[in-house]
Amino acid sequence: MKKVLIVEDSLPIVALHKNIAIKAGLEPVIAMTFSEVKALSSQFDDFFCAIIDYSLPDAPNGEAIDFILDAKVPSIVMTGMLDDKIREHILELPVIDYITKESKQAFHYLLSLLKKLQTNNNIKVLVVDDASSARAYVRSLLLRHNFDVLLANSGKSALNVLKNNPDIKLVITDKEMPHMDGIELCNEIRATHTKDDVSIIGISANSSQSLTAKFIKNGANDFLQKPFCLEEFYCRVIQNIEYVQSIDIIRKQANTDYLTDLANRRYYFNSAQPIMDSLDSSTVAMMDIDDFKSINDNYGHDAGDIVLKTISSLIKLHFEPKYLAARLGGEEFSVYFHDLELEKAVKMLESFRQELEKTKINVGSEIITCTVSIGVCQDKKDKLDSLLILADQKLYTAKETGKNKVVF
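Now for a quick tour of the structure.

Conventions used here
Residues numbered from 1 in each chain as written. Predicted model: local features only at pLDDT ≥ 70, side-chain atom pairs only at ≥ 80, totals over all residues. Heavy atoms only, no water. Buried < 20%, exposed > 50% of the residue type's maximum accessible area, 1.4 Å probe, protein only. Helix = DSSP H or I, 4+ residues; strand = E, 2+ residues; numbered from the N terminus. Pairing = 2+ DSSP bridges. Contact = heavy atoms within 4.5 Å. Arc of directions from axis to C-beta. Expected span 1.5 Å × (residues − 1). Salt bridge = Lys/Arg side-chain N within 4 Å of Asp/Glu carboxyl O.

Every other side chain in a regular strand lies on the same face of the sheet, so the side chains alternate between the two faces. Most of strand β13 (residues 332–337) sits out of view: 5 of its 6 residues are buried. Sheet analysis places strand β11 (residues 282–289) next to β13, joined by 6 bridges and oriented antiparallel. Note that in β13 the partner of Met-287 across the bridge is Phe-333. Bridge count for strand β12 (residues 324–329) against β13 is 5 bridges, and the pairing is antiparallel. Residue pairing in the sheet places Leu-324 in a bridge with Tyr-336 of β13. The hairpin turn running from β12 into β13, its antiparallel successor, is 2 residues long, and Gly-330 in that turn takes a positive phi close to 55 degrees.

As a further point, take the environment of Ala-64. Following the sequence through the fold, Ala-64 ends up in helix α3 (residues 63–70). Expressed as a C-alpha distance, the spacing of Ala-64 and Met-276, which sit 212 residues apart in the sequence, is 63 Å. Not counting residues up to four positions away in its chain, the partners in contact with Ala-64 are Phe-34, Ile-52, Leu-56 and Ala-59.

Below, the discussion takes up helix α4 (residues 84–91). Side chains that are three or four residues apart share a direction in an α-helix, a result of its 3.6 residues per turn. Inspection of α4 places Ile-86, Ile-90 and Leu-91 among the buried residues, and these make up the whole buried set. Buried residues of α4, seen end-on, are gathered within an arc of 130 degrees and therefore sit on one face of the element. Away from its buried face, by an angle of more than 90 degrees, α4 presents the exposed residues Asp-84, Lys-85 and Glu-88. Looking at the buried side of α4, the elements it contacts are α3, β4 (75–79), β5 (97–100) and α10 (230–255).

Here we come to helix α1 (residues 11–23). In this model α1 runs 18 Å from its N-terminal to its C-terminal C-alpha over 13 residues, within 8% of the 18 Å that 1.5 Å per residue would give. Buried residues along α1 sit in contact with β1 (3–7), β2 (27–31), β3 (47–52), β4 and α5 (104–119). Gly-25 lies just past α1 and shows a positive phi near 80 degrees.

So, about the pattern of salt bridges. For the coordinates displayed, the defined rule picks out 22 salt bridges. Lys-226 is paired through a salt bridge with Asp-129; the nearest N and O atoms lie 3.8 Å apart. Separated by 97 residues along the polypeptide, Lys-226 in the loop between β10 (222–225) and α10 and Asp-129 in the loop between β6 (124–128) and α6 (132–144) bring together distant segments of the chain. By relative accessible area, which is 24% here, Lys-226 ends up partly exposed. Classification of Asp-129 as buried rests on a relative accessible area of 3%.

The subject of this paragraph is unusual backbone geometry. Cis rather than trans, the peptide bond between Lys-226 and Pro-227 has omega equal to -5 degrees. Inspection of the secondary structure assignment puts Pro-227 in the loop between β10 and α10. Going from Glu-320 to Pro-321, the amide bond is cis rather than trans, its omega being 5 degrees. By the element assignment, Pro-321 lies in the loop between α13 (301–319) and β12.

By themselves these figures say nothing about function.
As structure tokens, this is what we get:
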């Protein structure tokens, strides 16, 4: 478990911070004085980050902050001191964030921040600016929050980076660039990526009041005037990434079977049919768990759910991500092989069937095994429905001739 250093002299706040750290999946280590901080210095390399109060009994003027930052420990300053000069001074330091203990919301924000810092390395952010110093500065800010930062020195370069990294969640682009400015870049990005796919923040040192509207009307989600406030920068970055992530979650929930985490019936049909339209022929498999009703009757529906999850995990292992697999309903599954010959698809399915047959499934105090019957068909049908009917006929033959087999 990653460790977080909590530097705080108030026992009630220490208790709050410990609880927050544990909720965030971190192990709290406490120092209530600057002397205790120094005593822990040999362990600094072990800390994921630090949460530091500004004023301590033996370090009233932020000395602990400077000491910990000098040791390269990523740090969040959280204090009850509301002095603007202190705030400005802290924000000039390479801190992750500055949080004031003004309300309960501040502690909710801290918990959210600690969780994000552990997952932000999976989030790609593209910074676009023709000035190397500006790119480097924005990059440095994003790295404090552990983002995976990509750079581009022009609009054209940015489009290439985006093409090669379709999982980019946020683009931060300057307005003033040669050949293709930030607003033109927004237009180009929106031609292929919706606001649900990637957020865009425009930035500019130009004081024109119309720039915000121009950026947003041309596809940006947000705009920042340079020089920007550090806190505002992070708030806008986090807000725009959260928007895209929320859409991703909604999309996943709408397209995924809640129990097995496989694609659901609607997503399967919506995804497979367009691919099928572009091909001369397609291969589809239908599979059904043998005697599933008896599993539910003998061991209970919880055991049935465990069996469904086990089979789904094996389906993912054998067929995803190259091929599209789905739970169509109940104990029925399907795999769409968009570019595979029938014989090769049958070989893959037979390998899956054999492994499932040997798999021991723990259901409470019992260990059971189960099998599936599989029907496979390759045809030039125009509609997925028609092809599934043919595969289902082969599945019926498998059931009628002994179960636990692949018929094609």
